[in-house]
There are 2 protein chains.
Amino acid sequence: MTLAVAGTLMQTPAPDQFTVTDAVVEVDATGAIVAVHDRSTPEGAAAGRAALDAAAERVELAPGTFLMPGMVDLHVHAPQWPQLGTGLDLPLERWLFEYTFPLEARYADTGFAAAVWDDLVPTLLAHGTTTAVYHSSNHLEATTALARTCARHGQRALVGRVAMDHPSGTPEWYRDATASEGVDASAASIEAVEALASPLVEPIITPRFAPACTDALLEGLGELAESTGARTQTHCAESDWHCGYALDRFGTTDPAALDRFGLVRPRTVLAHADHLTTDDMALVSGQRAGVAHCPLSNAYFANAVFRVRRALAANVRVGLGTDIAGGARPGLLAMCQDAVTVSRMLEDGVDPALGAAERGVPASRIDTATAFWLATAGGAAVVDLPVGLIEPGRRFDAIAVRADRPGGTIRLWDGFDDEARIFEKVVRLAADDDISHVWVDGASVKP
Amino acid sequence: MTLAVAGTLMQTPAPDQFTVTDAVVEVDATGAIVAVHDRSTPEGAAAGRAALDAAAERVELAPGTFLMPGMVDLHVHAPQWPQLGTGLDLPLERWLFEYTFPLEARYADTGFAAAVWDDLVPTLLAHGTTTAVYHSSNHLEATTALARTCARHGQRALVGRVAMDHPSGTPEWYRDATASEGVDASAASIEAVEALASPLVEPIITPRFAPACTDALLEGLGELAESTGARTQTHCAESDWHCGYALDRFGTTDPAALDRFGLVRPRTVLAHADHLTTDDMALVSGQRAGVAHCPLSNAYFANAVFRVRRALAANVRVGLGTDIAGGARPGLLAMCQDAVTVSRMLEDGVDPALGAAERGVPASRIDTATAFWLATAGGAAVVDLPVGLIEPGRRFDAIAVRADRPGGTIRLWDGFDDEARIFEKVVRLAADDDISHVWVDGASVKP
């Protein structure tokens, strides 16, 4: 069934750049975008009219509602959803062992898992997350169920069973018993997700992070990635402790160590990565891997701010992640706000006792357009999915945001707000309740 | 008319401390809290039952809905409401001259002012802001209208006409023509607000900040504060530029300069103040003035993070401010999240190129309880209003927050969330739509 959507399209084809188009988007029966007609020209207006007339389904957005690309959340710990908002005054080690691991261990209970997935996935869709890259738990059944839930609710997703076997970095009641069991279960999870044959959901190989994995497990998962071609994800160079650990154990930086195991590959998602050195950035860029920048979670657990501008200048692919539950705001519009905020804090520094020149890192700030680009096209490029922009050849993953919902906080004032201000207000102020439409692969999936 | 409210009361009597009580709150006909009955004891349960039976109006909150003190926003620029969310990638000087001053100048139009006030005040009430400390514009009529709007919607408020006359710090099209005109208009505004005879609304003397005011204006306003006893507010030591300006012009820190003009007084609200020196903190504490900590706005315009822990240790009164529109999240629950987040960033630092020991300021982090205390009891103490805690002798300014709204993001899981986690989830995750009840002075005022 073909679809045509008419309205004001706002999107970000590149960092620092946003465009506004009075558009009709034409979508074919497979969910692919066939054309974007610009109604500001007579030809475009006519073609748009024709597309609307021909479409089996047409949506004409009201003035004050804006069509935008759906967002790509590169880092979601699905099993941590029940702990969202808690324990965020703790250091990472305590947070993991007191909150996170005991919770994740509960997903051996498939009924519990099903209840959580069935709440999480539609909630993220409602927040405009049309693609999510999930860490599941280390349970095969729960992980397959998560993939099935995404397919059922119509969310595009990469779903990874977490592998972790290190006797000192994990609790004995929540780990793979041996490296080979971890590799075998990862392979089985790839097969189980692929067996769903969903056009939306793919597997992703997921060693939790080097401190939770033995060399044998890391090596086995690198080989699995090579043999299957599946994507990979892991936490990378997240904190001082994490970096120091890698240096002690491997004698090198964390990304260099991961690379030795074949785990820095094209389409690899490296979560956090805020401590990347210049050499690390060259490695990540050269391998065509990318970074899930998690601005809010990093404030809690990463000891520093990811240098977005420097990474982009080094040709590192970068997108955004909520890092649920380390980041306790479940949508990427919120992360756009936070990405801008922490970039300003990186630029200016934090300690008033220091002089201005010693305090920050000049030229670190990003604007709202760059943040939204990270949340859409940037993230799509990291995982190499044809989404993140509304343009011919990509899939129609999109949202519509109302700027005029009673009870909302977006306010547009006639004669006062130009396009740049409208875009900034929508990205910075929209709540999930302002998102009126959500499409994935051309299908309406708003819960 | 008497009121009794029954439910689970969560509040923060002191920093780092939260309490949970199964309570019946008894409110007299004037809006004062008469008793808080703790139903966990047989006597308290009986007294609570009796209070409910005797009350003219009773509210029994459902399980999963939590009674909390209303919040005190110490710093709101009311006329900046239409620009919320915009221009936040600009430096302060451009933001003021390109966005803020042109907008504020429009409040000469009383019809425009009325439309904005009538939108802003109920929106803030809906976000749980039961007390707001407002900077209005420099227009007498618009300022009186703002006070009238607060009284009509039932919001407790301090309303200040902004005084600013400095020829180089303000545009000629938006300033007081002379210092004496600024003082006279400030005096007239005090009288106009007091003439409303509202029990909820009081005036506050409001020199914008030293760079926008001549010595004669600052001196005149200090004398006005002394002669009238009215509260005062101003921006203080907000940015590197602001501090350097004070040093150049006055040969001293900004707070010390303000103090010379008699503008650091009991109940004075010093907005931002993130660059206070140790001596400044002693001055502010000794004068019984206080700080409006604006964690989000400070990330944009203040060049550093306010050191909450150090200020509290120095006996400085501290509360929270949104700094609308510098802070583009219009409620204080959001500011609680941000206050915790920026305190973590102050503790850990931001620049990954620095060693951990050189990067941050140890022992700076605050927890969620401290943040909520700042938003309630802390802010109430700054302005010396009998609110911020639900206890006998204070006014009944309160909110109720639903943790179970369909479409909300708070999730409580049986057998998993203890009281500390519930409190943290509610404060960190509640959206304005989760706030089911708002009372000010014993009256229900939810829009």
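Residues numbered from 1 in each chain as written. Chains lettered and ligands numbered in written order. Predicted model: local features only at pLDDT ≥ 70, side-chain atom pairs only at ≥ 80, totals over all residues. Heavy atoms only, no water.

## Quick word on the confidence of the model for chain A
Applied cut-off: Confidence scores here are pLDDT values: one per residue, from the predictor, ranging 0 to 100.
This prediction gives chain A a mean pLDDT of 96; 100% of its residues lie at or above 70. Across the assembled chains, the prediction reports ipTM 0.97 with pTM 0.97.

## Some remarks on the relation of the copies chain A and chain B
Let me state the cut-off plainly: Least-squares fitting of one copy onto the other uses the C-alpha atoms of those residues that reach a pLDDT of at least 70 in both copies. Any two residues having at least one pair of non-hydrogen atoms within 4.5 Å are treated as being in contact.
When chain A is fitted to chain B, the best match, at an RMSD of 0.0 Å, comes from turning it 180° and sliding it 0.0 Å along the axis. Here the symmetry operator amounts to a two-fold rotation axis. Looking at the interface residues of chain A, 100% of them are also at the interface in chain B, so both copies use one shared face.

## Considering the pairing of strand S8 (residues 156-160) of chain B
All names here are of chain B. The condition that has to hold: Throughout, exposure labels follow a simple rule: accessible area from a 1.4 Å probe, protein chains only, divided by the maximum for the residue type, with under 20% read as buried, over 50% as exposed, and the rest as partly exposed. Helix and strand assignments come from DSSP, with helices taken as H or I runs of at least 4 residues and strands as E runs of at least 2, each series counted from the N terminus. A pair of strands is labelled paired if DSSP reports no fewer than 2 bridges between them. Handedness is read with the strands pointing away from the viewer; a crossover is right-handed when the path from the first strand over the helix to the second is clockwise.
When you tally the buried positions in S8, you get five out of five residues, the bulk of the element. Burial of S8 is two-sided: the residues Arg156, Leu158 and Gly160 facing one way and the residues Ala157 and Val159 facing the other way are all buried. In this structure, strand S7 (residues 129-135) lies alongside S8, joined through five bridges in parallel fashion. By the bridge assignment, threonine 131 is partnered in S8 with arginine 156. Handedness of the crossover is the feature at issue here: the chain leaves S7, passes through helix H4 (residues 140-153), returns alongside S8, and the resulting connection is right-handed. Pairing geometry for S8 and strand S10 (residues 201-207), over three bridges, is parallel. Within S10, the residue paired with leucine 158 across the bridge is glutamate 202.

## Observations concerning the interface of chain A and chain B
By a widespread convention, an interface's size corresponds to the accessible area lost as its parts come together. Basically, it comes down to this: Buried area, as used here, totals the accessible surface that two parts lose on assembly, with accessibility defined by a 1.4 Å probe and the loss added over both. We define a salt bridge as a side-chain nitrogen of Lys or Arg found within 4 Å of a carboxyl oxygen belonging to Asp or Glu. Pairs of N or O atoms are called polar contacts if they sit within 3.5 Å, as long as, within protein, a hydrogen donor faces a hydrogen acceptor (for residues adjacent in sequence, only side-chain-to-side-chain pairs).
Each partner contributes to the interface: chain A provides 65 residues, whereas chain B provides 65 residues. For the pair chain A and chain B, the summed buried area comes to about 5,600 Å², and 54% of that belongs to carbon and sulfur atoms. Ionic pairing is found between A:Arg411 and B:Asp119, a salt bridge with its closest N-O pair at 2.4 Å. Our enumeration of links across chain A and chain B arrives at 24 residue pairs in polar contact (both at pLDDT 80 or more).

## A few points about the packing of aromatic side chains
To keep things clear, this is the line we draw: Each Phe, Tyr or Trp ring, with Trp reduced to its six-membered ring, pairs with another whose centre is within 6.5 Å; inter-plane angles below 30 degrees give stacked pairs, above 60 give edge-to-face pairs, and intermediate values give tilted ones. Any Lys NZ or Arg CZ that is within 6 Å of a ring centre and within 35 degrees of that ring's normal is treated as a charge sitting over the ring.
Tallied over the entire structure, the rule returns 26 aromatic pairs over all chains. Summarising the aromatic geometry, the rings of A:Tyr107 and A:Trp117 are spaced 5.0 Å apart at their centres and angled 20° between planes, so their arrangement reads as stacked. In this pair, A:Tyr107 is assigned in the loop between helix H2 (92-105) and helix H3 (110-126) and A:Trp117 in helix H3, connecting sequence segments 10 residues apart. Each member of the pair, A:Tyr107 together with A:Trp117, is buried. Between the aromatic rings of B:Trp95 and B:Phe301, the centroid separation amounts to 4.8 Å while the plane-to-plane angle is 40°, which identifies the pairing as tilted. Highlighted residues: B:Trp95 in helix H2 (residues 92-105) and B:Phe301 in helix H10 (residues 295-301), separated in sequence by 206 residues. You'll find B:Trp95 and B:Phe301 in the same group, each marked buried. One cation-aromatic arrangement involves A:Arg106 over A:Phe112; the distance from NZ or CZ to the ring centre is 4.2 Å.

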